[in-house]
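Below are the chains, spelled out letter by letter.
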Amino acid sequence: MPPGITLAADTPTLSAANTGFMLICSALVMIMTPGLAFFYGGMVRVKSTLNMLMMSFISLGIVTILWVLYGFSAAFGTDHGSIIGWDSHYVGLSGIGLTQLWPGYTIPVYVFAVFQLMFAIITPALISGALADRVKFSAWALFITLWVTIVYFPVAHWVWGTGGWAFDLGVIDFAGGTAVHINAGAAALGVILVIGKRVGFKKDPMRPHSLPLVMLGAALLWFGWFGFNAGSWLGNDDGVGALMFVNTQVATAAAMLAWLLYEKIRHGAFTTLGAASGAVAGLVAITPSGGSCSPLGAIAIGAVAGVLCAMAVGLKYKFGYDDSLDVVGVHLVGGVIGSVLIGFFATGGGQSDAKGLFYGGGLTQLWKQLAGVGAVLAYSLVASAILAFLIDRTMGMRVSEDDEVSGIDQVEHAETAYDFSGAGGGTAPRSAAPGPVQEAAAQTKKVDA
C-alpha cells in the first residue's frame, strides 16, 4: 500500500480514470470473500458446508458496519502514538466531502475507504477455515466483532497508516502480507490452540466433499486478487500497479506448479486440491512483495511458497494442532515467506528504492521485514488466543460433541447444503414401451429367479 502522503509538487486533482479503476478493484476484492466461502465450503464435509459459507458471509455484514462506525477512523485516521489512528471526521464517514481526495492521491476518500473495507472484511473470514466443524455461529460473530476492533484495525494502522510504527520503519507490505495474511494466520493458530481439535481428528476421514466447489472458489480468489493487489497502488499513473498485476499472475502460476511437483514427488499424484492450494499460496506470498520485485523474482517467490506451504500443511499432524483447512500452512507461512523474501528480491525499481540482499541492498530491508513479521505475528497470536479464551469461558466457543458429530449445519442453521429428497427416480408411464435398460433389468430378474 503506498504511503498516504503526496510526492508530487503539484496538488493532485480528482482523476475519473483512477476513481473508476479503484471502484472496480473494490468490487473485485469484495467478490473474493464469497470466493473464499466456496473455496472453504468445498473443502469441508457435507454436514458443515453451509456453516463454512456463512462464516465468511457474516463478515460482510459485521465488518462493514464497524468500518463505517469507527474502523476506518481507527485504521487510517490521524496517528496517535504510532499505534492507532483516530479522526472524528471519519467516524460514521459523516465528515467527508464527495470530492474530497485521499491525501496525495487522485481518488476520493470514499473510494479509498470502501477499497480498504474489503480488505477488512476478508481478513477475519480467512481465519474461519481453521475452525471448521466446531464453532458456535454466535460465538464466531462475536469473535469477528472483537477481533477486527482489537487486532485488525490497529495492525492496519501500523502497516499502512501515516505515522504507524511499521510504516515509519519502512516495512514493505504492498497489499497485505503482514496486515492480512500473517495477521489472519497467526489469529487462526491462536484460536485453535484454545478451542482444541475436531472430534475424530487424525482418526476419521475428513476429505473435501466437493472439489469442483474448491476449484470454483480458487478461480474467484485468483480473479479477485488482481484487484486486491494491483489496486493497492491506488492508481495507474506510473506503472507500479501494472508490475503488481503481472507479478500476481506469475507468482501464482509458479506456486501452483511447484506445489503440484512437490505433491507428485511426495505423494505420487497431481491433485486438484493441490492445484487450488498452490495457487492460493502463490497469491498470498506475492501480496506483500509484488510491487518491489521483478517478474523473475516473482517466479522465485512463488516457487518457494508453493513448496514450503505444501510442506507446512502437514505440520498439524506432527505437532497436533487441528488447522482444519490449512490457514496456518498457507496464509501464515505464505505471508511470512512473501514478506521476508522482500529483503532478498527487492530491486529498488518498483514501489520504492529499497533494495534487497540480492540487489546490493545488504541486510537493511531484511531486518525491517523481520521486525514487521515478528511483531504482527506475536500480537495477533496472543490477542486472538485471549479473545477466544474469554469467549469460550463466557458463552462457550464450541458446539457440543454430539452436535459436532451430527452436523453443525443442521444445529446452527436449521438447513442442509444439499436436499436429496427429490433425487429418487420415478416410474415410467404404463403405456411406455420398455427400453434397453428395462429389458436388461427384466432379464436379470429372470436369471435371479
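Refer to the structure above for everything that follows.
Each value, and the rule that gives it
Residues numbered from 1 in each chain as written. Predicted model: local features only at pLDDT ≥ 70, side-chain atom pairs only at ≥ 80, totals over all residues. Heavy atoms only, no water. 1 Å grid on protein atoms, 1.4 Å probe; cavity = no way out; pocket = protein on both sides within 12 Å on 5 of 7 lines; lining within 4 Å. Points joined across faces, edges and corners; volume = space filled by probe spheres on them. Helix = DSSP H or I, 4+ residues; strand = E, 2+ residues; numbered from the N terminus. Nonpolar A, V, L, I, M, F, W, Y, C, P; charged D, E, K, R; others polar. Polar contact = N/O pair within 3.5 Å; in protein donor to acceptor, adjacent residues only side chain to side chain. Contact = heavy atoms within 4.5 Å. Axes fitted to C-alpha atoms, helices over the stretch in contact; angles between N-to-C directions. Parallel < 35°, antiparallel > 145°, perpendicular 65-115°, else oblique. Left-handed = near helix turned anticlockwise from the far one by under 90°. Salt bridge = Lys/Arg side-chain N within 4 Å of Asp/Glu carboxyl O. Buried < 20%, exposed > 50% of the residue type's maximum accessible area, 1.4 Å probe, protein only.

A.B. asks: I'd like a description of empty space enclosed by the protein, backed by residues and values.
C.D. replies: Enumeration over the complete set of coordinates arrives at two cavities of 30 Å³ or more. Put simply, the largest cavity is a space of about 70 Å³. Lining the largest cavity are F39, Y40, M43, W259, S277, V280, V313, L325, D326, V327, V330 and H331. Going through the elements one at a time, α1 (16-43), α9 (272-289) and α12 (327-345) are the ones with two or more residues in the lining of the largest cavity. Grouping the constituent residues of the lining of the largest cavity by class yields nine nonpolar, two polar and one charged. Considered as a void within the structure, the second largest cavity measures approximately 30 Å³ in volume. Every residue along the wall of the second largest cavity is listed here: M32, I122, L126, V180, H181, L221, W225, F228 and H331.

A.B. asks: Please set out the side chain of S339 residue by residue, giving values where relevant.
C.D. replies: Mapped onto the secondary structure, S339 falls in helix α12. A distance of 2.8 Å separates a polar side-chain atom of S339 from the backbone oxygen of G335. Dropping the residues within four chain positions of it, S339 is found in contact with G177, T178, I182, P288, Q369 and V373.

A.B. asks: I'd like a rundown of the packing of helix α2 (residues 49-76) against helix α4 (residues 137-160), residues and numbers included.
C.D. replies: Running from amino to carboxyl end, α2 crosses α4 at an angle of 45°, the nearest separation of the two axes being 9 Å. When the axis of α2 is compared with that of α4, the two are oblique. Seen from above, α2 lies across α4 with right-handed handedness.

A.B. asks: Lay out the pattern of salt bridges with the relevant residues and their values.
C.D. replies: Using the criterion set out here, one finds six salt bridges in the structure. The residue D322 makes a salt bridge to R134 at a minimum N-O spacing of 4.0 Å. Taken as a pair, D322 in the loop between α11 (315-319) and α12 and R134 in the loop between α3 (109-127) and α4 lie far apart in primary sequence, 188 residues in all. Comparing D322 with R134, the two get one shared label, buried. Measuring nitrogen to oxygen at the nearest pair gives 2.8 Å for the salt bridge that ties D322 to R198. Taken together, the positions of D322 in the loop between α11 and α12 and R198 in the loop between α6 (177-195) and α7 (211-230) put the pair 124 residues apart, joining distant regions of the chain. Residue D322 shares its accessibility class with R198, and that shared class is buried. Taken together, the shared-partner salt bridges in this structure form one network comprising R45, D133, R134, R198 and D322.

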